[in-house]
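Each chain is listed here by its residues.
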Amino acid sequence: MPKTPSATRPKNQSSGYLRGYSEQIQRQVEALLDAEKTGELLLKKYPKAHELSGTRPLYDYAIELKNHYMRSSSPISKVIYDDKIHVINNALGLHTYVSRMQGNKLKAKHEIRIASLFRNTPESLLKMILVHELAHLREKEHNKAFYKLCCYMEPDYHQLEFDLRLYLSHRDRFGDLWG
């Protein structure tokens, strides 16, 4: 019989997804996990997964967000789901750019890569990740201006980030909800 996610971690040891939150919040989440209430809570709030499972719909969705909120920012050449991004390494998505000389000009190509596990999550959680990566077009560091830009593009950014971390904690222990 294969190991389940919960069998690989001691029951009362919190996953690292909520490390930045207060001990009180972490204890509350741990209590919800122990009572097996996180799935019910998340499914009530987010009943279905998005339908952006392909590369082209994901790209179009990201471009629509960028054009609505950040029209003057650098263009994006690629937005894809990436099987090589591991949430364990604290990456939900990646914003990369490559600079190349073309004649006398320096050209930059911006790419956004989203961890493949987010193919089957609610649209609002996927949007939060895209907003985060799009904000890196203007702000490279996670500073006050970065989070202000995230909240401009998605007013519920911080709540969605918490809910995503709650889902990842749930997923570690019980498996996928929307997959």
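Here, the structure is the one placed above.
Residues numbered from 1 in each chain as written. Predicted model: local features only at pLDDT ≥ 70, side-chain atom pairs only at ≥ 80, totals over all residues. Heavy atoms only, no water.

Q: What is the right way to read the overall build of the protein chain from this model?
A: Looking only at helices and strands, one finds six helices and three strands in the protein chain. For the protein chain, the sequential pattern of α-helices and β-strands runs α-α-α-β-β-β-α-α-α. Of the contacts formed within the protein chain by residues at least 6 apart in sequence, a portion of 66% connects residues at least 24 apart. Of the accessible surface of the protein chain, which amounts to about 10800 Å², a share of 50% is contributed by carbon and sulfur atoms. (Helix = DSSP H or I, 4+ residues; strand = E, 2+ residues; numbered from the N terminus. Contact = heavy atoms within 4.5 Å. Areas by Shrake-Rupley, 256 points an atom, 1.4 Å probe, with all protein chains shown as cover.)

Q: Which parts of the structure should I look at to understand the nonpolar core?
A: Formed by 42 residues in total, the largest nonpolar core has its most connected members in Ile114, Phe118, Leu126, Leu130, Leu134 and Leu164. Secondary-structure elements contributing two or more residues to this core are helix 1 (23–34), helix 3 (55–69), strand 1 (76–82), strand 3 (105–115), helix 4 (123–135), helix 5 (144–153) and helix 6 (157–174). Top element by residues in this core is helix 4. It accounts for eight residues. (Core = buried A, V, L, I, M, F, W, Y, C linked by side-chain atoms within 4.5 Å. Buried < 20%, exposed > 50% of the residue type's maximum accessible area, 1.4 Å probe, protein only.)

Q: Is there a simple way to think about the packing of helix 3 against helix 4 in this case?
A: Axes are the key here: two packed helices are described by the angle between their axes and the distance separating the axes. The contact between helix 3 and helix 4 brings their axes to 10 Å, and the two run at 60°. The orientation of helix 3 with respect to helix 4, classified from their angle, is oblique. Here helix 3 runs over helix 4; the crossing is right-handed. Across the interface between the two elements, Leu58, Tyr61, Ala62, Leu65 and Lys66 of helix 3 pack against Glu123, Leu126, Lys127, Leu130 and Leu134 of helix 4. The residue inventory of the contact of helix 3 with helix 4, partitioned by class, reads seven nonpolar, no polar and three charged. (Axes fitted to C-alpha atoms, helices over the stretch in contact; angles between N-to-C directions. Parallel < 35°, antiparallel > 145°, perpendicular 65-115°, else oblique. Left-handed = near helix turned anticlockwise from the far one by under 90°. Nonpolar A, V, L, I, M, F, W, Y, C, P; charged D, E, K, R; others polar.)

Q: Can you help me understand the side chain of Asp163 in this one?
A: With respect to the helices and strands, the residue Asp163 is situated in helix 6. Looking at Asp163, its side chain comes within polar contact range of the side chain of Lys45, at 2.8 Å. For Asp163, the contacting residues outside a window of four places in its chain are Leu42, Lys45, Tyr46 and Leu125. (Polar contact = N/O pair within 3.5 Å; in protein donor to acceptor, adjacent residues only side chain to side chain.)

Q: Mind showing me how you'd approach helix 3 here?
A: For the α-helix, the turn length of 3.6 residues means that residues three or four positions removed from each other point alike. Compared with the 21 Å implied by 1.5 Å per residue over 15 residues, the 21 Å span of helix 3 between its first and last C-alpha is a close match. Residues Leu58, Tyr61, Ala62, Ile63, Leu65 and Lys66 constitute the buried set of helix 3. Taken together, the buried residues of helix 3 touch strand 1, strand 3 and helix 4. (Expected span 1.5 Å × (residues − 1).)

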